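Each chain, letter by letter, is given below.
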Amino acid sequence: MKIDGIILRELHLPLVKPFETSFGVTRNRRILVVEVRSEGLIGWGECTAGERPYFSSESTDTAWQIIVNELGPTLINATPEHGGKCPKIFRLVRGNPMAKAALENAVWDLEAQREGVSLSQLIGGVRESIACGVSLGIQKSIPELLEIIEKELEAGYQRIKLKCKLGWDVEVFEQVRSRWPAIMLSCDANSAYKLRDADHLTSFDAFDLLMIEQPLWYDDFYYHSMLQKRLSTPICLDESIRNRRDTLAAIEMESCKIINIKLGRVGGFSEAIAVHNAAQERGIPVWCGGMLESGIGRSHNIALSSLENFTLPGDVSASARYWAEDIIEPEVEVTPAGEIIIPNTPGRGYAVRTELIDRLTVRKETISAFAMA
Ligand code: OSB
Ligand code: MG
């Protein structure tokens, strides 16, 4: 398909409440969205990089720079036949997966629209709805956390994930478990621990957690495999898994028993599908992570979660948990059974509220085919 132009926008979106992890607090999101225009159609993509390079080495600003100076012009010149061609088109640029994913996912959206199928159908999705969990940040006190959990369970969410770190772990799990002995419960450390904390981490086994996500270094497999030998709680890797090869290495080394797939972290749909398939062939379940996305990124996550091996509830939840007003229509809603119904209209299945986007835009840049000639 011939790419006529790419428009980048930085949107400022305040979260309805701050989100705290072991690496910091996010109050306001600076979200980079891309609009890729081709033959009368518009594909949308969202860059999931954070405001600061704390989850990974990318940030809103690094992604902006890489898209404007490298990836955008390259994509316009390449005339990709479909989304699956993007990794090869971008291959000379090392790293920067979240910047690449923003563009690649927009091309997949375009392709689905052109074929007249939903994005879920295009990638071979097999479900009509996805199972939803919530990721709950570190709170000021345990009673406040318990109140939030109660509300999320009442809303229907099927799994509660607790962000944790030293000082916000065992005591929290104890109180949550004593109140809700049977809920699906997991935790996410975002690399808050060291191998010397292994004895402490072993004490998590008493709480029947579905998994502990990324306890050790963000780029590690070996020490996670050492730790997994000592834990009965399954380790799930998030940050460490950048691609299919990492997936094979982690499974081979027994560094984890579950994998969290994030479109941005692995560079877009092509690699996400490759990770999904590699895990499925080896009996490793996957689930879809979240990065506090606006409705655009969220709609890509919903389509991805329709693949067969997404057998565990993900972090993809209702728009209203994040935003006073989301930039898509309808907003993402979760049923009382804790599910999101996958749209079956062409493309991502959610319209973009362009007027709202214009109001939220603080920076805009157009890369046009004409300028490239
Ligand atoms: O590790 O999964 C993570 C948010 C920002 C950065 C990293 C993570 C998260 C979440 C939130 O857990 C998931 C969401 O609700 O979007
Ligand atoms: Mg995580």
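Each value, and the rule that gives it
- Residues numbered from 1 in each chain as written.
- Chains lettered and ligands numbered in written order.
- Predicted model: local features only at pLDDT ≥ 70, side-chain atom pairs only at ≥ 80, totals over all residues.
- Heavy atoms only, no water.
- Pairing = 2+ DSSP bridges.
- Helix = DSSP H or I, 4+ residues; strand = E, 2+ residues; numbered from the N terminus.
- Donors = N, O, S within 2.8 Å, 3.2 Å for Na, K, Ca; no water.
- Buried < 20%, exposed > 50% of the residue type's maximum accessible area, 1.4 Å probe, protein only.
- Phe/Tyr/Trp six-rings, centres within 6.5 Å; stacked < 30°, edge-to-face > 60°.
- Lys NZ or Arg CZ within 6 Å of the ring centre and 35° of its normal.
- 1 Å grid on protein atoms, 1.4 Å probe; cavity = no way out; pocket = protein on both sides within 12 Å on 5 of 7 lines; lining within 4 Å.
- Points joined across faces, edges and corners; volume = space filled by probe spheres on them.
- Nonpolar A, V, L, I, M, F, W, Y, C, P; charged D, E, K, R; others polar.
- Domains from an automatic or database assignment.
- Arc of directions from axis to C-beta.
- Contact = heavy atoms within 4.5 Å.
- Expected span 1.5 Å × (residues − 1).

Points about the sheet that holds strand 10 (residues 258–261)
Taken in spatial order, the seven strands make up an open sheet running 5-6-7-8-9-10-11, and their pairing is parallel. Unpaired on one side and paired on the other, strand 5 (133–136) and strand 11 (286–288) mark the two borders of the sheet. Sheet analysis places strand 7 (residues 184–188) next to strand 8 (residues 212–213), joined by two bridges and oriented parallel. Considered in strand 8, the bridge of aspartate 188 is made with glutamate 213.

Structural notes on the coordination of the magnesium ion (ligand 2)
Within the first shell, the magnesium ion (ligand 2) binds the protein through Asp188 (OD), Glu213 (OE) and Asp238 (OD), at distances of 2.1 to 2.3 Å. Along the chain, the residues that donate to the magnesium ion (ligand 2) are spaced as D-x24-E-x24-D. Linking glutamate 213 in strand 8 with aspartate 238 in the loop between strand 9 (235–237) and helix 9 (244–252), this pair joins segments that are 25 residues apart in sequence. Across the pair, aspartate 238 and glutamate 213 agree in class, each one buried.

Observations concerning the packing of aromatic side chains
Under the defined criterion, the tally for this structure stands at eight aromatic pairs. Judged by centre distance (6.2 Å) and plane angle (35°), the rings of tyrosine 322 and tryptophan 323 are tilted. Look at tryptophan 323 and you get buried, because its relative accessible area is 1%. Each residue in the set Phe173, Tyr193, Phe204 and Phe207 is aromatic and connected to the rest through ring pairs, giving one cluster. Here the guanidinium or amino end of arginine 298 rests over the ring plane of tyrosine 322, the centre of that ring lying 3.9 Å away.

Description of the layout of surface pockets
Approximately 950 Å³ is the volume attributed to the largest pocket. In terms of lining, the largest pocket is formed by 46 residues, of which the most central are Phe19, Glu20, Thr21, Thr26 and Leu292. Classifying every residue of the lining of the largest pocket by side-chain character gives 15 nonpolar, twelve polar and 19 charged. When residues of the lining of the largest pocket are sorted by domain, at least three fall in each of domain 1 (5–116 + 351–367) and domain 2 (121–341). Within this model, the second largest pocket holds a volume of roughly 750 Å³. Looking at the second largest pocket, it is lined by 28 residues, and the ones nearest its centre are Gly95, Pro97, Arg242, Asn243 and Arg265. At the level of elements, helix 3 (97–115), helix 9 and helix 10 (263–266) are the ones that each hand at least two residues to the lining of the second largest pocket.

Some details on helix 9
Buried within helix 9 are the following residues: Asp246, Thr247, Ala250 and Ile251. One face of helix 9 carries all of its buried residues, which in axial projection span an arc of 130°. Among the exposed residues of helix 9, those oriented more than 90 degrees off its buried face are Arg245 and Glu252. Against the buried residues of helix 9 lie strand 9, strand 10 and helix 11 (269–281). The first or second residue beyond helix 9 is glutamate 254, which carries a positive phi of 55°.

A closer look at helix 5 (residues 142–155)
Taking 1.5 Å per residue, 14 residues should reach 20 Å; helix 5 reaches 20 Å between its end C-alpha atoms and fits that length. Listed as buried for helix 5 are Ile142, Leu145, Leu146, Ile148, Ile149 and Glu152. The buried residues of helix 5 all sit within an arc of 165° when viewed along its axis, so they share a single face. Turned more than 90 degrees away from the buried face of helix 5, the exposed residues are Pro143, Glu147 and Glu154.

Observations concerning empty space enclosed by the protein
A complete count under the given rule lists two cavities of 30 Å³ or more for this structure. Counted as a void, the largest cavity has a volume near 90 Å³. Along its surface, the largest cavity is lined by 15 residues, and Glu46, Thr48, Asn105, Leu263 and Gly264 are the ones closest to its centre. Of all the elements in the fold, those that place two or more residues in the lining of the largest cavity are strand 3 (41–47), helix 3, helix 10 and helix 12 (295–304). At four residues, the largest contribution of residues to the lining of the largest cavity is made by helix 3. Residues belonging to the lining of the largest cavity are distributed by class as follows: six nonpolar, six polar and three charged. If you count residues domain by domain, the lining of the largest cavity takes at least three from each of domain 1 (5–116 + 351–367) and domain 2 (121–341). Taken as a whole, the second largest cavity encloses approximately 40 Å³ of empty space. Broken down by secondary-structure element, the contributors of at least two residues to the lining of the second largest cavity are helix 4 (119–123) and helix 12. Residue contributions to the lining of the second largest cavity peak at three residues, all from helix 12. Considered class by class, the residues forming the lining of the second largest cavity number five nonpolar, four polar and one charged.

From the geometry alone we can't say anything about function, so treat these as descriptive.
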